[in-house]
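Geometric and topological summary
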Amino acid sequence: MAITNSPTFDVFGVSCDIAADQNYSCYTDILERFSLVFNCSLQRYSRVLFIRWDFKVHEYTDSNQVVSRMLRKLKLRLQRWGKDKVPIDNIGYGWVRELERSKHQHYHLFLLLNGHKIRHPANLNEWLKKYCERNDLPHPYFPKNGYLLLRRGNDSDLNIAFKRASYLAKTRGKGYKGKNCKNYGTSRVTRYSPA
């Protein structure tokens, strides 16, 4: 996989700052997939809520079932929830699996949601806390400045959110996994074309 130490990355014509420098590199394929998710979300909605989460597991596994299961449950919850109880569709996300000094992996995750329906992550953060409790997972971590309401066409918003997401693309901690296990995943995205 290719890496970059450049402090910026092109996100569909916008030069965004990323969490890289001379001593700190990021995987370009992860950055490219994340930029597709951002682009599709901002084409679909003029306001997008960006949320960052981190969570751990108690024991090492050779699969990413824990993050897949959590995302499935979250999607079901979001489909029944939202402003005025309107279903929330087209959820954008990206996640990475990392293992560093600990003996078991942890996950970093971002969500991109319809910002016309959800404008603040408080209820979702509470949902994740309860989900982790019910599923015997350690308490999740909510990074400082872990959310932002992006507005389509506002390059400053995109720059801030993409830099926060780019932290997930760092090279450190990747590669410690089972043979058929991925280091990262994103929502399935295609370029959005309004009908």
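On a predicted model such as this, the values are computed, not experimentally measured, just so you know.

Definitions and cut-offs
- Residues numbered from 1 in each chain as written.
- Predicted model: local features only at pLDDT ≥ 70, side-chain atom pairs only at ≥ 80, totals over all residues.
- Heavy atoms only, no water.
- Helix = DSSP H or I, 4+ residues; strand = E, 2+ residues; numbered from the N terminus.
- Buried < 20%, exposed > 50% of the residue type's maximum accessible area, 1.4 Å probe, protein only.
- Contact = heavy atoms within 4.5 Å.
- Areas by Shrake-Rupley, 256 points an atom, 1.4 Å probe, with all protein chains shown as cover.
- Salt bridge = Lys/Arg side-chain N within 4 Å of Asp/Glu carboxyl O.
- Phe/Tyr/Trp six-rings, centres within 6.5 Å; stacked < 30°, edge-to-face > 60°.
- Axes fitted to C-alpha atoms, helices over the stretch in contact; angles between N-to-C directions.
- Parallel < 35°, antiparallel > 145°, perpendicular 65-115°, else oblique.
- Left-handed = near helix turned anticlockwise from the far one by under 90°.
- Pairing = 2+ DSSP bridges.

A few words on the overall build of the protein chain. Helix and strand content of the protein chain: four helices and nine strands. Secondary structure elements in the protein chain, listed N-terminal to C-terminal, are β-β-β-β-α-β-α-β-β-α-β-α-β. Counting all 195 residues of the protein chain, 50% fall into the buried class. Nonlocal contacts in the protein chain, meaning residues at least 24 apart in sequence, comprise 74% of its contacts between residues at least 6 apart. Only carbon and sulfur atoms are counted for the fraction: they give 47% of the accessible area of the protein chain, which is about 10400 Å².

A few words now on the pattern of salt bridges. Across all of its chains, the model carries four salt bridges by this definition. A salt bridge links Asp54 to Arg52, with the nearest nitrogen and oxygen atoms 2.6 Å apart. In terms of burial, Asp54 and Arg52 fall into one category: buried.

Let us look at the environment of Leu149. Along the chain, Leu149 falls in strand β8 (residues 147-151). The sequence separation of Leu149 and His116 amounts to 33 residues, and the corresponding C-alpha distance is 9.7 Å. With residues near it in sequence (within four places) discarded, Leu149 still touches Arg47, Val48, Leu49, Gly115, Arg119 and Asp157.

Moving on, we come to the packing of aromatic side chains. Scanning the entire structure with this criterion turns up nine aromatic pairs. Pairing Phe38 with Phe50 gives two aromatic rings, centres 6.0 Å apart and planes at 35°, and the pair type is tilted. Placement of the pair is Phe38 in helix α1 (residues 28-44) and Phe50 in strand β5 (residues 47-56), with a sequence separation of 12 residues. Relative accessible area serves as the criterion here: at 0%, Phe50 is assigned to the buried category. Geometrically, the ring pair formed by Phe38 and Phe162 is edge-to-face, given 5.3 Å between the ring centres and 70° between the ring planes. One end of the pair, Phe38, is in helix α1; the other, Phe162, is in helix α4 (residues 155-166), with 124 residues separating them in the sequence. The exposure class of Phe162 is buried, given its relative accessible area of 0%. Among the aromatic side chains, those forming a connected cluster through ring pairs are Phe9, Phe34, Phe38, Phe50, Phe110 and Phe162.

Turning next to the packing of helix α2 (residues 65-79) against helix α3 (residues 122-134). Contact geometry for α2 and α3: axes closest at 12 Å, N-to-C directions at 135°. One way to sum up the angle between α2 and α3 is to call them oblique. As α2 runs across α3, the sense of the crossing is right-handed. The segment α2 lies against α3, with Arg69, Met70, Lys73, Leu74, Arg77 and Leu78 engaging Leu124, Trp127, Leu128 and Tyr131.

Burial analysis of β5 places eight of its 10 residues in the buried class, which makes it a mostly covered element. Where β5 meets β8, five bridges bridge the pair, whose relative direction is antiparallel. Residue Leu49 lies in a different strand from β8, and its bridge partner there is Leu149. Bridge count for β5 against strand β7 (residues 106-114) is nine bridges, and the pairing is antiparallel. Note that in β7 the partner of Trp53 across the bridge is Leu109.

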